[in-house]
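Topology and contacts: notes
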Amino acid sequence: MKIVVIGGSGLIGSRLVKLLGEAGHEALAASPRHGINSVTGEGPSEALAGAEVVVDVTNAPSWEPQAVLDFFRTSARNLGKSEVAAGVRHHVALSIVGCDRTPENAYFVAKVAQEEAIAAAGVPHTIVRATQFMEFIGGIADFSTVDGTVRLGDGLFQPIAADDVAAMLAQIALCAPQNGTIEIAGPDRAPFAEIMTRHLNASNDARPVVTDPEARYYGGLVEQQSLVPLGDARIGRISLDQWLARATR
């Protein structure tokens, strides 16, 4: 079948396009790099012609609160209109576990707005909420460093590898729409500081890590279960140690 991957040039999208192509599907990578922009409305109608499934794994270019909100809301609305016109049968969108539980995090608020716009569009859909990617832990460390020390909230963390995210999205895209939410996470759940320490140690990074209940995670306070699934979740195959072994060799 023809499957259009919006954001098909990025971390998840490029992996997903490859997997779907290897499985024999016509997987189209749709992104501004390919002349397709879901925010400006340039190209989606043509790209979606004949598509049965659309998978949205876009990422906002700016995390400024109003900019990121406008990006995800506008993109979702434009895609919804184009999908209705094209007769798309399944819209799959990648979102974030806990995005509705951290209202001070502007990016999370924008993802909630995206989910709401998808539901309002009327296209059969599945929202896939993922925990934070293992590939982002280093960036989180840098963002959270104050005077040479990584300061993190006291919540739990359960990162997932990008390869697992792509593999699960490929499976979900071929299934019937849920018209609801599926959560996915990595196999390792531990306090945020413990996961970060393991990452830094594997990277030979000597920065100390401390738990600070007042530390902000991109603007939002992290409570015990802010960033992990509260109920059933599909669990990835790649452990943190396996990922670190590959990433640091």
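See above for the structure.
Residues numbered from 1 in each chain as written. Predicted model: local features only at pLDDT ≥ 70, side-chain atom pairs only at ≥ 80, totals over all residues. Heavy atoms only, no water.

Brief notes about the pairing of strand E9 (residues 180-185)
Direction of pairing for strand E5 (residues 125-130) relative to E9: parallel, over a ladder of five bridges. What sits directly across from alanine 130, in E9, is isoleucine 184. Bridge count between E9 and strand E14 (residues 234-235): two bridges; the pairing is parallel. Across the sheet, isoleucine 184 pairs through a bridge with arginine 234, a residue of E14. (Pairing = 2+ DSSP bridges. Helix = DSSP H or I, 4+ residues; strand = E, 2+ residues; numbered from the N terminus.)

Looking at the pattern of salt bridges
Here the structure, examined in full by the defined rule, presents 12 salt bridges. When the shortest N-O distance is used, the salt bridge between aspartate 163 and arginine 15 registers 2.6 Å. You can see aspartate 163 sitting in helix H6 (residues 162-173) and its partner arginine 15 sitting in helix H1 (residues 11-22), a full 148 residues away along the chain. Among the residues examined, aspartate 163 registers a relative accessible area of 32% and is labelled partly exposed. Under the relative-accessibility criterion, arginine 15 is labelled partly exposed at 27%. When the shortest N-O distance is used, the salt bridge between arginine 89 and glutamate 52 registers 2.3 Å. Linking arginine 89 in the loop between helix H3 (65-86) and strand E4 (90-96) with glutamate 52 in the loop between helix H2 (44-48) and strand E3 (53-56), this pair joins segments that are 37 residues apart in sequence. (Salt bridge = Lys/Arg side-chain N within 4 Å of Asp/Glu carboxyl O. Buried < 20%, exposed > 50% of the residue type's maximum accessible area, 1.4 Å probe, protein only.)

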